[in-house]
Structures are given as C-alpha cells and as structure tokens.
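# Structural characterization, general
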Amino acid sequence: MRPFTHVNARTVRQATAALAKYYGQARLNAGGTDLFGVLKDEFLPLYPEAIVNIKTVRGLDYIREDKSLLRIGALARLVDLAQSTLLRQRYGALAEAAHAVASPQIRNVATLGGNLCQDVRCCYYRYPRHIGGPINCARKGNGPCLAVKGDNRNHAILGGRRCFAVCPSDTAVALTLYDAQLLVVSPTGERLISVRDFYTPLGHGLSADEMVKEIQVPRLPDTLQQTFLKFTLRKPIDFAIVSVAALITRSNDLCTEARIAMGAVAPGVLRAVAAEEFLRGRPLNPETAAEAGKLAMEGAKPLSRNAYKIQIAHTLVARAVLGQSSTALSSLPSVGSDVYDPTELSTFHRCNSASVEGYATVVD
Ligand SMILES: Cc1cc2nc3c(=O)[nH]c(=O)nc-3n(C[C@H](O)[C@H](O)[C@H](O)COP(=O)(O)OP(=O)(O)OC[C@H]3O[C@@H](n4cnc5c(N)ncnc54)[C@H](O)[C@@H]3O)c2cc1C
Ligand code: SF4
C-alpha cells in the first residue's frame, strides 16, 4: 500500500465535503473489505490521495419500514440484513442475497452501500502490481477489453459493450427485483437513482463527490413468493456465476404478477422483462417456467468461453419462478455440462418467503 491522507468523517456532510475536496482522488471506506484489496493490489491507474472513513458516521445503519418504504442506511452490515426479522419475513430475497455474500467474517463488516459500489472482479482488471500488473483495459480508459479474446468464463453474456465485467453484487439482484432506489448525496444536494439504472458497462452512476446514503424499497405486500438462487462453483465464499431473484404473485394457480432479476450475466442487474410478461396470466408449471427461462436469455450473446451460463440461467429462472419447492423441478433441464456439473461443483443459495433458513446445497 502507498501513503494516503486518512479522513474520519463524522457526518454525511463531512464525507461528501471530503470527496469534493479531493475530487476524483478520494475513496470512501465503509467496511473496507473490497477497498483494501484494491489498495493493496495497486491495480488502478490512479492511487487515491485520501481515504474517507465513513464507519465513523453514526446512525446510518438502520433497517426500518414506514408506510410506503423499506429504508436501509448505507452502513447497514450484510450480517444485519441477513438476520433482520423484518427482512426475513417480508423481503426474503434480500435477506438471502445478503446471506449468500462471501463468508461470515466479511458479512460482519461489509455494508450494503459498499456491496453495491464494490469494484468488478475481472481477472485482467484486478491483476496485481506485485505480480506484474497493473493491466490496462477499456474499463481503465486505456486499451481494448482483454476478456473478449481471453479468459471470459465469468463475464457478461448480455448487455456488454467495451467492458464485459459483470456486476458482482448479490444484494443488487434482490434490490433490482424490488425496484429499489438509491438516495445519493453530494455537497450540493440529494437525488434518487434506480438500482436498475445504477450500473453502466464502464462503472456506476455516482459522481466523484457523491455517496450512497440510503437504499429505498417500495413496501411489499406480505403474501408474495420470493426466491433468490445463486449458482457458484465453490461451495463457500464465491461470487455468482449466475444468480436469479424472483417475486411471484399467484391467484388460483395462475400467475398474476411476476418479477425476475438476473445477476452476473451483464454489467448491471437485468430484469427479464419478456419472461415476466409471458408469465402474467399463465399457470405456473414446469413448462411455463422453462419457457420463462428461455425468454430470459433471449438475445444472449456469449463470448468464446461463457455460453455455459445460458443453460444455468435458463434453469435458475425456471426454478426461481416455481419457488424451488415444486416436486416438478426434476423435470426441468439440468444446468450441467462436462465442466460445470452441478452435482459436483455447485451450490445453490435459496430462499422463499416461507423459509429463509440460510443456504441449501441441492446436491452434495
Ligand atoms: C473473498 C471475498 C468474497 C466475496 N464474495 C462476494 C459474493 O459472493 N457476493 C458479493 O456480492 N460480494 C462478494 N464479495 C465482495 C464483498 O461483498 C464486498 O467487498 C463488500 O460487500 C463491500 O462492502 P464494504 O462495506 O466492505 O465496502 P468497502 O470495501 O468499504 O467499499 C467498496 C467500494 O464502495 C465504495 N463505497 C462504500 N460505501 C459507499 C457508499 N455509501 N457510497 C458510495 N460508495 C461507497 C468504496 O469507496 C469502495 O470503492 C466478496 C469479497 C471478498 C473479499
Ligand atoms: S471485461 Fe472490462 S474490466 Fe475486464 S478486461 Fe474487459 S474492459 Fe477490462
């Protein structure tokens, strides 16, 4: 690590003032679980002059619901989201997404704001200085995307342009499902950004003097089926190969409302709009769920080594639509290929509104 100025911010105003003072040369430190990896590996073109500690800002770790919104302070820790009774009862997909992140040690310090704003995990982008990096690429504003002709197994199959790194945040998937918004603050005021629009192919939507203060979720009714599923290669501590969250309302076995969000397939989190429209008014069974899975992947343009993600996404969407509880799940297509055989390698994190007891290994 290199020397930097350390600023302890006591208020959001002090934090954004420090960001404005060092415009573009400062980074916020919330839990530090991503930031200090970035600083130690020295892979960014510019090393920050200042680190603005926001752990010293009091009262920004709340999780509460009012008449119209669930409000979560940016400094709420992932462990608090995963264990919140309110979230487990009414926002189960978010509780489970938080629980699916990394390991207990990381969830104990990592914050929701930091999880949403963490940097991408592309192996070229993060190549450390001490073993020959940094490597320049399109995302760093200097050169082509090396993943296009290189190792792109973990990269985007939808929506990539110039950069194909996927959004690594699990909580963003659940928040996109809920049509959540981020309350963003700068020294000159506040604004709301939809989580759905927050991620761009080359970064996220914050200016250099802005920070996320609060995450706002429109209040949900009690009776929705919510599901969050995450396919990973390693059982503990791994980023999603594909993740899917679904929110389904049924009446007499017909789907009256469907929302489906997909993570790790694109630079941002995508809503499967065609699949959502297809499901409305239809019965929920393995055939309609499988069709929704196919529609969710319509327009996918895999790179040379990541077409395997399409089948995984098909099946995860279908399973999420059925709430992962139906006995008919066995008739859905498998996610297997020679390399990515789910019976050997994968873990599914799952939840539905009735049960958010942590993650379940489907086949061990
Ligand atoms: C081994 C390992 C495994 C992991 N696995 C997963 C996983 O499976 N799923 C997953 O989602 N993540 C995973 N992560 C990433 C992890 O979740 C993030 O490191 C963590 O959530 C970041 O939160 P933090 O509070 O520590 O953020 P920090 O490290 O403090 O900050 C991260 C970035 O966000 C910025 N930032 C922080 N707070 C704000 C704010 N309020 N407003 C604006 N910008 C802000 C910081 O400046 C920094 O650039 C993993 C990380 C590790 C190290
Ligand atoms: S995917 Fe993005 S971060 Fe990775 S090499 Fe390409 S441009 Fe860089």
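Since we're looking at a predicted model, the values are computed, not measured. (Residues numbered from 1 in each chain as written. Chains lettered and ligands numbered in written order. Predicted model: local features only at pLDDT ≥ 70, side-chain atom pairs only at ≥ 80, totals over all residues.)

### Focus: the site of ligand 2
Near ligand 2 there are 14 residues, and of these Cys122, Tyr125, Cys137, Cys145 and Cys163 occur at the shortest range. Looking at the shell around ligand 2, its residues break down into 12 nonpolar, one polar and one charged. (Near = placed C-beta within 6 Å. Nonpolar A, V, L, I, M, F, W, Y, C, P; charged D, E, K, R; others polar.)

### What to know about the site of ligand 1
The environment of ligand 1 is made up of 30 residues, and the closest members are Gly31, Gly113, Gly114, Asn115 and Cys117. Counting residues per element, the ones that place at least two in the shell around ligand 1 are strand 2 (26–29), helix 2 (35–41), helix 7 (112–117) and strand 10 (211–218). By residue number, the principal contributor to the shell around ligand 1 is helix 7, which donates four residues. Considered class by class, the residues forming the shell around ligand 1 number 15 nonpolar, 11 polar and four charged. (Helix = DSSP H or I, 4+ residues; strand = E, 2+ residues; numbered from the N terminus.)

### Quick notes on the nonpolar core
By size, the foremost hydrophobic cluster in this structure holds 109 residues, and its most contacted members are Val242, Ala245, Ile260, Met262, Val265, Val317 and Val321. It is helix 12 (residues 308–321) that provides the largest number of residues to this core, a total of seven residues. Residues contacting Val321, with those up to four places away along its chain left out, are Ala246, Ile248, Leu279, Leu284, Ala289 and Ala292. (Core = buried A, V, L, I, M, F, W, Y, C linked by C-beta atoms within 7 Å. Buried ≥ 20, exposed ≤ 12 C-beta atoms within 10 Å, placed from the backbone. Contact = placed C-beta atoms within 7 Å.)

### Description of the sheet that holds strand 1 (residues 5–8)
One open sheet holds the three strands; their spatial order is 1-3-2, and the pairing between them is parallel. Every interior strand has two partners, whereas the edge strands, strand 1 and strand 2, have only one. Strand-to-strand twist of the sheet, defined as the mean angle between neighbouring strand axes without regard to direction, takes the value 25 degrees. In the sheet, strand 2 pairs with strand 3 (residues 50–53) via four bridges, with the strands oriented parallel. Residue pairing in the sheet places Leu28 in a bridge with Val52 of strand 3. (Pairing = 2+ DSSP bridges. Axes fitted to C-alpha atoms, helices over the stretch in contact; angles between N-to-C directions.)

### Things to note about the sheet that holds strand 4 (residues 63–65)
The sheet built from five strands is open, its strands ordered 4-5-10-6-7 with antiparallel pairing. Edge positions in the sheet fall to strand 4 and strand 7 (189–194), since each has one partner strand and no second. Pairs of neighbouring strands in the sheet enclose a mean axial angle of 25 degrees, with direction left out of account. Taken strand by strand, helix 1 (residues 12–21) contacts strand 6 (181–186) and strand 10, and its axis lies near 125 degrees from that of strand 10.

### Quick notes on the confidence of the model for the chain
When pLDDT drops low, the exact placement of atoms in the prediction is not to be read closely. Residue-level pLDDT values for the chain average 90, and 88% of them are 70 or greater. Scored below 50 in pLDDT, residues 325–329 makes six contacts in the model with residues more than four places away or belonging to other chains. Contacts from residues 352–364, a stretch scored under 50 in pLDDT, to residues over four places away or in other chains number 29 contacts. (pLDDT = per-residue confidence, 0-100.)

### A short note on the environment of Phe278
With respect to the helices and strands, Phe278 occurs in helix 10 (residues 273–279). For the pair formed by Phe278 and Ala289, sequence separation is 11 residues and the distance between their alpha carbons is 9.7 Å. Filtering out sequence-adjacent residues up to four positions away, Phe278 remains in contact with Glu291, Ala292 and Leu295.

### Brief notes about helix 5 (residues 92–99)
Summarising burial for helix 5: eight of the eight residues are buried, a large majority. Residues Gly92, Ala93, Leu94, Ala95, Glu96, Ala97, Ala98 and His99 constitute the buried set of helix 5.

### Here we look at the packing of helix 11 (residues 286–296) against helix 12
Where helix 11 meets helix 12, the axes come as close as 7 Å, and the angle between the chain directions of the two elements is 135 degrees. Here helix 11 is positioned oblique relative to helix 12, judged by the angle of their axes. Every pair of crossing elements has a handedness; the one defined by helix 11 and helix 12 is right-handed. Seen from helix 11, the contacting residues are Ala289, Ala290, Ala292, Gly293, Lys294 and Ala296; seen from helix 12, they are Ala313, His314, Thr315, Val317, Ala318 and Val321. (Parallel < 35°, antiparallel > 145°, perpendicular 65-115°, else oblique. Left-handed = near helix turned anticlockwise from the far one by under 90°.)

### As for the environment of Thr188
Looking at where Thr188 falls in the secondary structure, it is placed in the loop between strand 6 and strand 7. Taking C-alpha positions, Thr188 is 9.3 Å from Asp209, a pair spaced 21 residues apart along the chain.

### As for the pairing of strand 12 (residues 242–251)
In terms of residue burial, strand 12 counts as a mostly covered element, since seven of its 10 residues are buried. Here seven bridges tie strand 11 (residues 225–232) to strand 12, and the two strands are oriented antiparallel to one another. Directly across from Thr227, in strand 12, lies its bridge partner Ala246. Sheet analysis places strand 12 next to strand 13 (residues 254–263), joined by nine bridges and oriented antiparallel. Each residue of the ladder has a partner; that of Thr249, found in strand 13, is Glu257. Between strand 12 and strand 13, which pair antiparallel in sequence order, lie two residues; one of them, Asn252, sits at a positive phi of approximately 50 degrees.

### Some remarks on unusual backbone geometry
Cis peptide bonds are those with omega within 30 degrees of zero, and the linkage from Gly133 to Pro134 qualifies with -5 degrees. By the element assignment, Pro134 lies in the loop between helix 7 and helix 8 (171–177). Residues other than glycine seldom take positive phi values, yet Arg162 does so here, at roughly 60 degrees. For Arg162, the location among the structural elements is in the loop between helix 7 and helix 8. Of note in the backbone geometry, Asn252 takes a positive phi value of approximately 50 degrees without being a glycine. With respect to the helices and strands, the residue Asn252 is situated in the loop between strand 12 and strand 13.

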